[in-house]
Amino acid sequence: MKYLKINIEENADAEKLKELLFQVKGVDSIEIIDDDNPESELKKAFNKTKEQFKKGDYETVVNDIFDILTKNNSKK
């Protein structure tokens, strides 16, 4: 799976941007991540794990959690 990371300004309408991106052919899912609230990001990663484990996608689970943990440590 490939990912596209888009950084938006604080006052940007993320939901409207999400609606626009879903109209693009090939867009499977969109997740809005708030770097100011890393706990919610970690919670989302753990919530995704159940489905990923069912599919046998262990590498993505580990990478998601590792990225979150290293991102949080680099801010300190």
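Keep in mind it's a predicted model, so treat the numbers as computed, not measured. (Residues numbered from 1 in each chain as written. Predicted model: local features only at pLDDT ≥ 70, side-chain atom pairs only at ≥ 80, totals over all residues. Heavy atoms only, no water.)

### Digging into the confidence of the model for the chain
Should pLDDT be low for a region, the predicted coordinates there are not to be read in detail. Rules: Across the chain, each position has a pLDDT score giving the predictor's confidence in that residue, from 0 to 100. Every helix listed is a DSSP run of H or I at least four residues long, and every strand listed is a run of E at least two residues long, numbered separately from the N terminus.
Residue-level pLDDT values for the chain average 79, and 83% of them are 70 or greater. No element of the chain has a lower mean pLDDT than helix H2 (residues 38-55), at 73, and none a higher one than helix H1 (residues 14-22), at 91.

### Focus: the packing of aromatic side chains
Inclusion rule: The aromatic pairing rule takes the rings of Phe, Tyr and Trp, using the six-membered ring of Trp, and pairs them if the centres are within 6.5 Å, calling planes under 30 degrees apart stacked, those over 60 edge-to-face and the rest tilted.
Applying the stated rule across the entire model yields 1 aromatic pair. Seen in terms of ring centroids, Phe53 and Tyr58 are 5.5 Å apart; in terms of plane orientation they differ by 40°. Their pairing is tilted.

### Some words on the pattern of salt bridges
A side chain with one charge may pair with a side chain of the opposite charge, provided their charged atoms come close. Convention followed: For this document, the term salt bridge refers to a Lys or Arg side-chain nitrogen within 4 Å of an Asp or Glu carboxyl oxygen. Under the scheme applied here, a residue whose accessible area is under 20% of the maximum for its type counts as buried, over 50% as exposed, and between as partly exposed, the area being computed with a 1.4 Å probe on protein chains only.
What the rule picks out here adds up to 1 salt bridge. The closest approach of N and O atoms between Lys16 and Glu19, which form a salt bridge, is 3.8 Å. Highlighted residues: Lys16 and Glu19, both in helix H1, separated by 3 residues, approximately one helical turn. Given a relative accessible area of 46%, Lys16 falls into the partly exposed group.

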